[in-house]
Amino acid sequence: MKKNVVLTGMMGVGKSTVGKKLAKKLKLKFIDVDKIIEKKEKNSIRDIFEKKGEKYFRETEKAITLEQLKKEKSLIALGGGAILNTSVRKEIKNSCISFWLDLDTKTLSSRLKNVRKRPLLNKDKLEETINRIYSDRKKIYSESDYRIKISSMNIEKIIKKIVILYENS
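Residues numbered from 1 in each chain as written. Predicted model: local features only at pLDDT ≥ 70, side-chain atom pairs only at ≥ 80, totals over all residues. Heavy atoms only, no water.

A look at empty space enclosed by the protein
Going through the model one piece at a time under the given rule, you end up with one cavity of 30 Å³ or more. Roughly 60 Å³ of volume is contained in the largest cavity. In this structure, the largest cavity is lined by Ile83, Arg89, Ile92, Lys93, Ser98, Ile140, Glu143, Ser144 and Asp145. Ranked by residue count, the leading element in the lining of the largest cavity is helix H4 (residues 86–95), at three residues. For the lining of the largest cavity, the residue count by class is three nonpolar, two polar and four charged. (1 Å grid on protein atoms, 1.4 Å probe; cavity = no way out; pocket = protein on both sides within 12 Å on 5 of 7 lines; lining within 4 Å. Points joined across faces, edges and corners; volume = space filled by probe spheres on them. Helix = DSSP H or I, 4+ residues; strand = E, 2+ residues; numbered from the N terminus. Nonpolar A, V, L, I, M, F, W, Y, C, P; charged D, E, K, R; others polar.)

Overview of helix H5 (residues 105–112)
Within H5, the full set of buried residues consists of Thr105, Leu108, Ser109 and Leu112. Down the axis of H5, the sector holding all buried residues measures 100°, keeping them to one side. On its buried face, H5 is in contact with helix H6 (126–141). (Buried < 20%, exposed > 50% of the residue type's maximum accessible area, 1.4 Å probe, protein only. Arc of directions from axis to C-beta. Contact = heavy atoms within 4.5 Å.)

Some points on the nonpolar core
Membership of the largest hydrophobic core comes to 50 residues, with the highest contact counts inside it found for Leu7, Leu101 and Ile162. With sequence-adjacent residues up to four places away left out, Leu101 is seen in contact with Leu7, Thr8, Gly9, Met10, Val13, Gly14, Lys15, Val18, Ile148, Ile150, Ile158 and Ile162. (Core = buried A, V, L, I, M, F, W, Y, C linked by side-chain atoms within 4.5 Å.)

Some details on the packing of H5 against H6
Geometrically, a packed helix pair is captured by the angle between its two axes and the distance between the axes. One can describe the packing of H5 onto H6 by two numbers: an axis separation of 9 Å at closest approach and a directional angle of 125°. Of the possible angle classes, the one that applies to H5 and H6 is oblique. The chirality of how H5 crosses H6 is right-handed. Along its contact with H5, which presents Thr105, Lys106, Leu108, Ser109 and Leu112, the element H6 presents Leu126, Glu127, Ile130, Asn131 and Tyr134. Residues that form the contact of H5 with H6 fall into these classes: five nonpolar, three polar and two charged. (Axes fitted to C-alpha atoms, helices over the stretch in contact; angles between N-to-C directions. Parallel < 35°, antiparallel > 145°, perpendicular 65-115°, else oblique. Left-handed = near helix turned anticlockwise from the far one by under 90°.)

Considerations on the sheet that holds strand S3 (residues 74–77)
If you trace the five strands from one edge of the open sheet to the other, you get S2-S3-S1-S4-S5, paired in parallel fashion. Sheet topology places strand S2 (29–32) and strand S5 (146–149) at the edges, where each strand pairs with a single neighbour. Across the sheet, the mean angle from the axis of one strand to that of its neighbour is 20°, orientation sign disregarded. Sheet analysis places strand S1 (residues 4–8) next to S3, joined by three bridges and oriented parallel. When the bridges of S3 are listed, Val5 appears paired with Leu75. Its contacts with the sheet place H6 against S1, strand S4 (96–102) and S5, and it is angled at close to 150° to S4. In the packing of helix H7 (residues 155–167) onto the sheet, the strands contacted are S1, S4 and S5, and the crossing angle to S4 comes to about 150°. (Pairing = 2+ DSSP bridges.)

Here we look at the packing of aromatic side chains
Going through the model one piece at a time under the given rule, you end up with four aromatic pairs. A connected cluster of aromatic rings, assembled from ring pairs, spans Trp100, Tyr134 and Tyr141. (Phe/Tyr/Trp six-rings, centres within 6.5 Å; stacked < 30°, edge-to-face > 60°.)

Section: the pairing of S1
The buried fraction of S1 is high, at five of five residues. The two faces of S1 match: Asn4, Val6 and Thr8 on one face and Val5 and Leu7 on the other face are all buried. Where S1 and S4 come together, five bridges link them in parallel fashion. By the bridge assignment for S4, Leu7 is matched with Phe99.

Quick look at the pattern of salt bridges
For the structure on display, the rule yields 10 salt bridges. When salt bridges that share partners are traced, they join Lys40, Glu41 and Lys52 into one network. (Salt bridge = Lys/Arg side-chain N within 4 Å of Asp/Glu carboxyl O.)

Details of the packing of helix H1 (residues 15–26) against H7
At a minimum axis separation of 10 Å, H1 and H7 run at an interaxial angle of 50°. Relative to H7, the element H1 lies oblique. In this structure, the crossing between H1 and H7 has a hand that is right-handed. Along the contact surface, H1 presents Thr17, Val18, Lys21, Leu22, Lys25 and Leu26, while H7 presents Ile155, Glu156, Ile158, Ile159, Ile162, Val163, Tyr166 and Glu167. Grouping the amino acids of the contact of H1 with H7 by side-chain chemistry returns nine nonpolar, one polar and four charged.

Given below as structure tokens:
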């Protein structure tokens, strides 16, 4: 049986958008970890951060992500920071094929400039914040099985490339 597919990368790269269409194409169940967290907590991620703190959010994210990774025939879109957890990374390496959707920080900044729901973004220093987060995470993102540089690709090209890599793995 084929392994699950995991999409990782920075907030705003399109993990959910790509994931929904890619899951259909691969005939896999689509799982959006952030959406599951919000449903379980009956709150937005921003509100969870504000009311219960990042530590609580990360523990919840870890538990839910590990639970979802155990499901079969699934494509899982991780939250941007989920991959930072060692247990999550270990489970992904053992049971999934992972794809890092990598997008340049300038494009990320323009995509995220009007978004209010991202708790880690400092609106006053958006580009600086995105550059710092990207810099902090890129080494861990690079542990993914495949890195897809999506800056010059439309969604169809991204999906086509992942399908080919997945089917040949």
